[in-house]
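Tertiary structure, described
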Amino acid sequence: MTKISLLFRTTLILIAIFFITGVQASVSVDITIDQPQHHYAKITINYEKFTTKAVDFHLPTWRTGRYQIINLANGIREFSATDSQGNILPWKKSDKDTWQVQGTLNKSVQITYQVYANQLGQRTRHIDDSHAFIDASTVVMYTEVVREQKHIVNLNVPANWHSVSGLEPGDNAHQFVAKDYDVLVDSPIETGVNEHHKFNVEGRDYELVIWGKGNYDSAKMVDDLKVLVQQSKYIWQGYPFKRYVFMVHATSGARGATEHLNSTIIQTSRFKFSERKDYLRFISTAAHEFVHTWNVKQYRPKGLVPYDYQKENYSTLLWLSEGSTSYLQNQLLLRGDLMTSKEFLESLAKRITGHIHKPGRQSQSVAEASFDKWLDESGDYGNNHSVNIYSEGFLVSWLLDFSIMEKTALEKSYRDVHNSLYQNYKLPKSFDEKDLLTILKEVTNESYKAWWQENIHGYAQIDFNILLAKAGLTMSYGDKDKVKQVAWAGITTKQVTNGLQITAVEKNSPAWKAGLTLDDIIVAVDALRMVDKDLTTRFKNFKPKDRMSITFFRRDELVTRMIILGETPKNKLKVVPLEDVSDEQKAFFKHWTGLAFPNKESK
Ligand SMILES: [Zn+2]
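Residues numbered from 1 in each chain as written. Predicted model: local features only at pLDDT ≥ 70, side-chain atom pairs only at ≥ 80, totals over all residues. Heavy atoms only, no water.

Focus: the packing of helix α6 (residues 341-356) against helix α9 (residues 391-407)
What counts, and what does not: For every element, the axis is a line fit to its C-alpha atoms; helices are fit only across the contacting stretch, and the angle between N-to-C directions ranges from 0 to 180 degrees. Runs of E in the DSSP output that reach at least two residues are strands. Runs of H or I that reach at least four are helices, and both are numbered from the N terminus. Roughly parallel means an angle under 35 degrees; roughly antiparallel means over 145; roughly perpendicular covers 65 to 115; every other angle is labelled oblique. Put simply, a crossing is left-handed when the front helix is turned counterclockwise from the back one by less than a right angle, and right-handed when it is turned clockwise. Here a residue-residue contact requires only that any non-hydrogen atoms of the pair lie within 4.5 Å. Under this grouping Gly is polar, as are all residues other than the nonpolar Ala, Val, Leu, Ile, Met, Phe, Trp, Tyr, Cys and Pro and the charged Asp, Glu, Lys and Arg.
α9 packs onto α6 with a crossing angle of 115° between their chain directions and a minimal axis gap of 10 Å. In this view, α6 runs roughly perpendicular relative to α9, as classed from their interaxial angle. Crossing of α6 against α9: the hand is left-handed. Taking contact as the criterion, the partners of Leu 348, Arg 351, Ile 352 and His 355 in α6 are, on α9, Ser 391, Glu 392, Phe 394, Leu 395 and Trp 398. Residues belonging to the contact of α6 with α9 are distributed by class as follows: 5 nonpolar, 2 polar and 2 charged.

Rendered as structure tokens:
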């Protein structure tokens with residue numbers, strides 16, 4: 001054969017391959033799990049020709065849905081790189097999660113490495129002898145040049161395992177295809193021994209896959225999810241997916257959930273499904289994650305578009321991504337009759353109580369908390385000096401919703417703002433605070449500049465009785481004439497061997513003023529040894545304004561301080577209907593929740 005005809009034939013073959021495979025170069029990712037009991041996976045990734053002398057392969061330093069730097073590269077060992085002839089390519093690490101391979105010019109490259117996957121609760125990567133949960137950002141390396149290429153994932157897993165993902169299915173039961181790396185990392189894979197249900201609602205496919213035994217009733221879960229997924233129409237026009245997967249881990253030692261592109265992973269204690277309060281938490285979590293399918297996965301703040309996987313992605317709007325999601329989840333639950341108005345009012349009362357005992361609201365705005373989410377202050381200092389983008393984000397969303405409803409005489413609501421974000425700022429676009437002010441102006445015909453400054457960049461001052469009254473509701477501590485008060489110090493404790501260790505002191509509380517602080521170990525009250533597990537039993541002997549001497553160890557030294565006790569309502573806060581409710585207030589409640597105004601609770 002002449003050189004020319006050889007060239008001609010090669011070209012023809014290349015053109016044929018071009019049409020068969022559909023142009024795009026692709027990355028193939030093999031994940032082999034042959035020692036699941038030791039939490040290992042072997043990863044082999046094949047890349048087509050590189051055009052540079054060296055290539056940086058990265059593992060992300062965080063995963064989507066969790067705005068925190070996590071140690072992910074710590075579970076990588078036995079890295080190696082070869083070319084298509086099997087020649088070993090030299091490499092070195094250039095930072096904690098970058099492997100730099102040399103000699104890659106015009107070469108197809110294969111990299112292999114071992115991953116240790118034993119982080120169940122972080123919803124990153126977990127492998128054991130019954131399953132594997134794989135969030136690819138914690139397992140699959142990438143390089144910037146191939147980020148936009150198709151990724152084909154092949155799982156080599158034990159014979160009785162069953163694989164499920166929001167990813168497109170491939171040629172066999174354990175193969176998945178991702179349009180690009182960003183889709184891959186936002187579409188976790190659950191493979192193992194699991195229970196799998198499929199259902200179709202209004203032309204869209206849904207799946208529920210449950211790993212682990214527990215006291216759940218999967219038939220009820222399917223029934224309720226069928227209702228839940230129909231409620232999004234009250235917020236957004238249209239769906240961003242054809243198929244959606246609810247993944248559930250019924251397990252122990254792990255709790256929480258993460259949103260993904262067209263799936264979610266929900267972790268619940270295996271025996272926390274059957275009681276109503278537990279089930280309500282499960283279905284509320286499912287609603288929260290489902291809201292994220294629009295809010296965050298379809299539209300998200302500037303600063304997070306596109307994701308930078310190697311460093312923090314900053315935005316002052318994470319409160320809208322999380323707190324508004326918590327707020328909107330109730331819209332789905334209430335409109336689908338998955339939560340009663342009584343349960344809703346109870347949850348509001350809890351949120352208000354949390355806000356009252358959150359001194360951090362005087363130290364940080366929701367915009368600051370959003371920007372600093374990557375630092376995530378929690379515990380005693382966090383409670384006293386930070387706000388939470390979820391809970392305070394919920395409250396400012398509520399404030400904004402009522403403001404819009406009022407200004408537009410119930411023509412519009414905060415839901416219209418989110419539909420506008422979905423219709424106009426979908427990825428690859430993003431939005432910033434200016435865009436939100438524009439939307440608010442469009443929806444209400446009024447400027448929200450001052451409101452924004454006061455409540456988003458300032459420390460929101462919320463008068464809950466004024467807010468609740470708009471919907472015919474009020475706060476109640478049981479007795480409308482005179483609220484019964486009991487003694488209050490403002491500390492929380494946990495039992496340790498030698499006494500009660502202080503876990504939090506509320507800022508400006510009586511205990512704070514008396515100088516008590518975190519980690520003091522209380523051993524006596526009024527010179528009598530603490531023997532009870534709980535301070536509350538001893539507290540019953542005291543009245544508000546009483547003096548109480550507390551003896552404690554502070555770094556081994558015995559100290560005694562006098563607390564002048566304060567007061568707190570004896571009963572838990574409730575949100576209840578007002579005595580006289582007007583038709584306007586009832587209409588407001590209806591527009592807000594989609595439900596009829598609740599009847600007065602029988603005494
Ligand atoms: Zn969330």
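Okay, back to it.
Overview of unusual backbone geometry
What is expected of a backbone is that most residues other than glycine have negative phi and most peptide bonds are trans. With an omega of -15°, the peptide bond between Val 305 and Pro 306 qualifies as cis. Inspection of the secondary structure assignment puts Pro 306 in the loop between α4 (276-292) and α5 (318-335). With an omega of 10°, the peptide bond running from Leu 427 to Pro 428 counts as cis. Tracing the sequence through the fold places Pro 428 in the loop between α10 (414-424) and α11 (433-444). A positive phi angle, near 45°, is found at Asp 376, a position not held by glycine.

Some details on the coordination of the zinc ion
Convention followed: Nitrogen, oxygen and sulfur within 2.8 Å of a metal are treated as its donors, or within 3.2 Å for sodium, potassium and calcium (Na, K, Ca); water is not counted, so a site can appear incomplete. Buried, partly exposed and exposed residues are distinguished by accessible area as a fraction of the type maximum, computed with a 1.4 Å probe on protein chains only: under 20%, between the cut-offs, and over 50%, respectively.
For the zinc ion, every protein donor is listed as His 288 (NE2), His 292 (NE2) and Glu 322 (OE), and the spread of their distances is 2.0 to 2.1 Å. One chain supplies every donor to the zinc ion, and in sequence these donors are spaced H-x3-H-x29-E. With His 292 in helix α4 and Glu 322 in helix α5, this pair connects stretches of sequence that are 30 residues apart. Just as His 292 is buried, Glu 322 falls in that class too.

A look at the sheet that holds strand β15 (residues 189-192)
Hydrogen bonds along the backbone pair up the strands of a sheet, which may run parallel or antiparallel. Formally: Strand pairing follows a simple DSSP-based rule, namely that at least 2 bridges must link the two strands.
Pairing is antiparallel across the open sheet formed by 5 strands, whose spatial order is β8-β9-β10-β15-β12. Edge strands, defined here as strands with exactly one partner in the open sheet, are β8 (118-119) and β12 (162-165). Across 2 bridges, the pairing between β8 and strand β9 (residues 125-128) is antiparallel. Residue Asn 118 lies in a different strand from β9, and its bridge partner there is His 126.

Quick word on the sheet that holds strand β1 (residues 26-32)
Strand order in this open sheet of 7 strands is β4-β7-β2-β1-β11-β14-β13, and the pairing throughout is mixed. Of all strands in the sheet, those bounded by a partner on one side alone are β4 (76-83) and β13 (168-169).

Brief notes about α11
The criterion, for reference: To estimate how far a helix should extend, the number of its residues minus one is multiplied by 1.5 Å. Pairing of N or O atoms within 3.5 Å defines a polar contact, subject to two protein rules: one partner must be a possible hydrogen donor and the other a possible acceptor, and residues neighboring in sequence count only if both atoms are side-chain atoms.
In this model, α11 (12 residues) spans 16 Å end to end at C-alpha, consistent with the 16 Å of a helix rising 1.5 Å per residue. Residues of α11 that are buried include every one of Glu 433, Asp 435, Leu 436, Leu 437, Ile 439, Leu 440, Val 443 and Thr 444, and no others. Summarising the contacts, the buried residues of α11 are in contact with α5, α9, α10 and α12 (449-455). Measuring from the backbone nitrogen of Lys 434 back to the side-chain oxygen at the start of α11 gives 3.2 Å, which picks out Asp 432 as the cap. Remark: Asn 445 follows α11 within two positions and exhibits a positive phi of approximately 70°.

Points about the nonpolar core
Among soluble globular proteins, nonpolar side chains are generally buried collectively. This is how the line gets drawn: Put simply, a nonpolar core is a bunch of buried Ala, Val, Leu, Ile, Met, Phe, Trp, Tyr and Cys residues held in one set by side-chain atoms that sit within 4.5 Å of each other.
By size, the foremost hydrophobic cluster in this structure holds 144 residues, and its most contacted members are Ile 31, Ile 111, Trp 319, Trp 398 and Trp 592. Excluding residues within four positions of it along the chain, Trp 398 makes contact with Tyr 327, Leu 348, Ile 352, Phe 464, Leu 467, Leu 468 and Trp 592. Val 505, Ala 514, Leu 535 and Ile 550 belong to the second-largest nonpolar core, a separate cluster that totals 21 residues.

Considerations on the environment of Phe 199
The residue Phe 199 is located in strand β16 (residues 195-201) in this model. Residue classification places Phe 199 among the buried positions, given a relative accessible area of 7%. A C-alpha to C-alpha distance of 35 Å links Phe 199 and Lys 350, two positions 151 residues apart in sequence. Residue contacts for Phe 199: discarding those within four places in its chain leaves Arg 204, Asp 205, Tyr 206, Leu 208, Val 222, Leu 225 and Lys 226.

A few points about the side chain of Thr 325
Within the secondary structure layout, Thr 325 lies in helix α5. Relative accessible area serves as the criterion here: at 0%, Thr 325 is assigned to the buried category. For Thr 325, the contacting residues outside a window of four places in its chain are His 288, Val 291, His 292, Asn 295 and Leu 320.

Considerations on the pattern of salt bridges
Stated formally: One side-chain nitrogen of Lys or Arg within 4 Å of one carboxyl oxygen of Asp or Glu is enough to make a salt bridge.
One pass over the structure, following the stated rule, counts 17 salt bridges. One salt bridge in this structure joins Lys 297 and Asp 186, with 2.9 Å as the shortest N-O distance. Remark: Asp 186 occurs in the loop between α2 (181-185) and β15 and Lys 297 occurs in the loop between α4 and α5; sequence separation between them is 111 residues. The two residues Lys 297 and Asp 186 agree in class, both being buried. The shortest N-O distance in the salt bridge between Glu 275 and Lys 277 comes to 3.8 Å. Taking the relative accessible area as the measure of exposure, Lys 277 reaches 52% and is therefore exposed. Sharing partners across several salt bridges, the network here consists of Glu 144, Arg 147 and Asp 182.

Some words on the pairing of strand β2 (residues 40-47)
Pairing geometry for β1 and β2, over 5 bridges, is antiparallel. Across the sheet, the residue bridging to Thr 32 is Lys 42, located in β2. Sheet analysis places β2 next to strand β7 (residues 109-116), joined by 8 bridges and oriented antiparallel. Looking at β7, one finds that Ile 45 is bridged to Ile 111.

Brief notes about the confidence of the model for the chain
Residues shown with low pLDDT carry predicted positions that ought not to be read at fine detail. Just so we agree on the cut-off: Looking at any residue, its pLDDT shows the predictor's confidence there, from 0 to 100.
Of the residues in the chain, 95% reach a pLDDT of 70 or more, and the chain-wide mean stands at 94. Under a pLDDT of 50 for its full length, residues 12-23 has, in the predicted model, 3 contacts with residues more than four places off or in other chains.

Side note on the packing of α5 against α10
Direction vectors running N to C along α5 and α10 enclose 115°, while the axes themselves pass 11 Å from each other. Of the two possible hands of crossing, α5 and α10 adopt the one that is left-handed. On α10, the residues that touch Trp 319, Leu 320, Ser 324, Tyr 327, Leu 328, Gln 331 and Arg 335 of α5 are Tyr 414, Arg 415, His 418 and Leu 421.

Concerning the packing of aromatic side chains
Let me state the cut-off plainly: Classification of ring pairs uses Phe, Tyr and Trp, with its six-membered ring standing for Trp, and accepts pairs whose centres are within 6.5 Å; under 30 degrees between planes counts as stacked, over 60 as edge-to-face, and the remaining range as tilted.
Inspection of the entire model under this criterion finds 47 aromatic pairs. The interplanar angle of 75° and the centroid separation of 6.1 Å between the aromatic rings of Tyr 67 and Trp 374 together place this pair among those described as edge-to-face. On the criterion of sequence distance, the pair formed by Tyr 67 in the loop between β3 (54-58) and β4 and Trp 374 in the loop between α7 (366-371) and α8 (379-385) is long-range, its members being 307 residues apart. Each member of the pair, Tyr 67 together with Trp 374, is buried. Ring centres of Phe 402 and Phe 588 lie 4.8 Å apart, and the angle between their planes is 80°; on these two criteria the pair is classed as edge-to-face. Highlighted residues: Phe 402 in helix α9 and Phe 588 in helix α16 (residues 583-593), separated in sequence by 186 residues. By relative accessible area, which is 6% here, Phe 588 ends up buried.

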